[in-house]
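# A structural walkthrough
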Amino acid sequence: MFNLTEEELKKMEAVDIRTVDINTLTDIRDIQIDSKMSTEKKLISFAEQSNNLYLHRFGDYVVKVKFQQDGYTIDDKMEEYLKHLMEIQI
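Source: prediction; values computed, not measured.

## Some points on the overall build of the protein
Counting its secondary structure elements, the protein contains 3 helices and 2 strands. Taken from the N to the C terminus, the helices and strands of the protein come in the order α-α-β-β-α. When the backbone C-alpha atoms are referred to their principal axes, the protein occupies close to 45 × 35 × 20 Å. Residue burial in the protein is summarised as follows: out of 90 residues, 22% are buried. Element-wise, carbon and sulfur atoms account for 52% of the exposed surface of the protein, whose accessible area totals about 7,400 Å².

Right, dumping it as structure tokens:
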């Protein structure tokens, strides 16, 4: 099972989006998550595929991820994001 200390998580979260070397970040488009897995397994899979849980790249853009206990699921937010992308391209 994937395990990070609280100190490691805080260090990842503290990386400044404005000064991070984009080449050190995982491209979020390369992360594959099986939507049929439980939330816990999705998070583990996400963590295993990323070198920083909070910062990723999307091509030439840096993306900051925020986690929450309650509310929308990652599937909900990804669907919202993809709909937004489609509106931009129309």
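Alright, that's what it looks like, and here's the rest.
## So, the pairing of strand S2 (residues 61–64)
Examined bridge by bridge, strand S1 (residues 55–58) and S2 share 4 bridges and lie antiparallel to one another. The residue of S2 that forms the bridge with Arg57 is Val62. Turn length for the S1-S2 hairpin, with the two strands adjacent in sequence and antiparallel, is 2 residues, and the turn residue Gly59 shows positive phi of about 65 degrees.

## Things to note about the packing of aromatic side chains
One pass over the full model with this rule turns up 1 aromatic pair. Considering the side-chain rings of Phe58 and Tyr81, the 6.1 Å spacing of their centres and the 85 degrees angle between planes classify their relative orientation as edge-to-face. Here the residue Phe58 occupies a position in strand S1, and Tyr81 occupies one in helix H3 (residues 74–89), the gap between them amounting to 23 residues. Since its relative accessible area comes to 25%, Phe58 is described here as partly exposed. Of the residues examined, Tyr81 reaches a relative accessible area of 32% and is grouped as partly exposed. Seen from the ring of Phe58, Arg29 lies directly overhead, with NZ or CZ sitting 4.9 Å from the centre.

## Things to note about the side chain of Ser50
Relative to the helices and strands, Ser50 is located in the loop between helix H2 (39–48) and S1. One polar contact links the side chain of Ser50 to the main-chain carbonyl oxygen of Asn52, over a distance of 2.6 Å. Ignoring anything within four residues of it in the chain, the contact list for Ser50 reads Thr26, Ile31 and His56.

What counts, and where the lines are drawn
Residue positions are given per chain, counting from 1 as you read along its sequence in written order. Local features in this predicted model are restricted to residues whose pLDDT is 70 or higher, and side-chain atom pairs enter the listing and the counts only when it is 80 or higher, whereas totals over whole chains, interfaces and linings include all residues. Calculation of side-chain values draws on the structure's entire complement of heavy atoms; hydrogens and water are dropped beforehand. Helix numbers and strand numbers start at the N terminus; a helix is a DSSP run of H or I with at least 4 residues, a strand a run of E with at least 2. Only protein chains enter the accessibility calculation, which uses a 1.4 Å probe; a residue whose area is less than 20% of its type maximum is buried, one above 50% is exposed, and one in between is partly exposed. Note that accessible areas follow from Shrake-Rupley with a 1.4 Å probe, and for residues the cover is restricted to the protein chains shown. Here, strands pair whenever DSSP counts at least two bridges between them. Two rings from Phe, Tyr or Trp (for Trp, the six-membered ring) form a pair when their centres sit within 6.5 Å of each other. Planes less than 30 degrees apart are called stacked, planes more than 60 degrees apart edge-to-face, and all others tilted. In this analysis the charged atom, NZ for Lys or CZ for Arg, is taken to sit over a ring once it is within 6 Å of the ring centre and within 35 degrees of the ring normal. For this analysis, a polar contact is any N or O atom pair within 3.5 Å, provided that within protein one partner can donate a hydrogen and the other can accept it, and provided that sequence-adjacent residues contribute only side-chain to side-chain pairs. Residues count as neighbours in contact if any of their non-hydrogen atoms are within 4.5 Å of one another.

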